[in-house]
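Each chain, letter by letter, is given below.
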Amino acid sequence: ATSPPFTLGRDASSSLVIDAEWVSRNHALIEFKRGYFMIADRSTNGTWVKLGEDDELRLHRDETQLRKSGIISLGQVSSANKDDLLHYQCSP
């Protein structure tokens, strides 16, 4: 809860640097808010999030709660971005 946001993007100062042309310099961030992990898109191309077995959700300048386990894809739908997928798991 006291950790700074985890940033994702091309910028060298990001917590996780992803060097791909479709990823924005400051693409997205993950932070713990109100008891949940949230991912917020700050990009031009969007962020795709697959929550468990649910359909893939596209975020664009929006945020959603990360729950269960799943996949995050920056800038492209996950099926077009097989080399740069982020896998996550949230524990209760």
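Structural notes, computed from the coordinates. If you're wondering where the values come from, they're calculated on a predicted model, not measured in any experiment.

As for the side chain of S14
Then, number 1: Looking at where S14 falls in the secondary structure, it is placed in the loop between strand 1 (6-9) and strand 2 (16-17).
Then, number 2: Classification of S14 as buried rests on a relative accessible area of 10%.
Then, number 3: With near-sequence residues (within four places) excluded, S14 lies in contact with T7, L8, G9 and R25.

Examining the nonpolar core
Then, number 1: With 15 residues, the main nonpolar core has I39, V49, L66, I72 and L74 as its most contacted residues.
Then, number 2: Contributions of two or more residues to this core are made by strand 3 (28-33), strand 5 (47-51), strand 8 (69-74) and strand 9 (86-89).
Then, number 3: Those residues in contact with V49, other than ones at most four positions away along the chain, are I39, D55, E56, L57, L59, L66, I71 and Y88.

Digging into unusual backbone geometry
Then, number 1: Here R34, not a glycine, exhibits a phi torsion of approximately 50 degrees, which is positive.
Then, number 2: Within the secondary structure, R34 is located in the loop between strand 3 and strand 4 (36-41).
Then, number 3: With a phi close to 55 degrees, R61 is a non-glycine residue in the positive phi region.
Then, number 4: Residue position: R61 is located in the loop between strand 6 (56-59) and strand 7 (63-66).
Then, number 5: In this structure R61 comes out as exposed when scored by relative accessible area, which is 53%.

Considerations on the pattern of salt bridges
Then, number 1: Under the counting rule described, the total for this entry stands at three salt bridges.
Then, number 2: A salt bridge links E63 to K33; the nearest nitrogen and oxygen atoms lie 3.1 Å apart. Of this pair, E63 sits in strand 7 while K33 sits in strand 3, placing them 30 residues apart in sequence.
Then, number 3: By relative accessible area, K33 is classed as partly exposed at 21%.
Then, number 4: Salt-bridge contacts for K68 lead to D54; the nearest nitrogen and oxygen are separated by 3.5 Å. Highlighted residues: K68 in the loop between strand 7 and strand 8 and D54 in the loop between strand 5 and strand 6, separated in sequence by 14 residues.
Then, number 5: A residue is classified by how much of its surface remains accessible, and K68, at 44% relative accessible area, is partly exposed.

Quick notes on the rules
Residues numbered from 1 in each chain as written. Predicted model: local features only at pLDDT ≥ 70, side-chain atom pairs only at ≥ 80, totals over all residues. Heavy atoms only, no water. Helix = DSSP H or I, 4+ residues; strand = E, 2+ residues; numbered from the N terminus. Buried < 20%, exposed > 50% of the residue type's maximum accessible area, 1.4 Å probe, protein only. Contact = heavy atoms within 4.5 Å. Core = buried A, V, L, I, M, F, W, Y, C linked by side-chain atoms within 4.5 Å. Salt bridge = Lys/Arg side-chain N within 4 Å of Asp/Glu carboxyl O.

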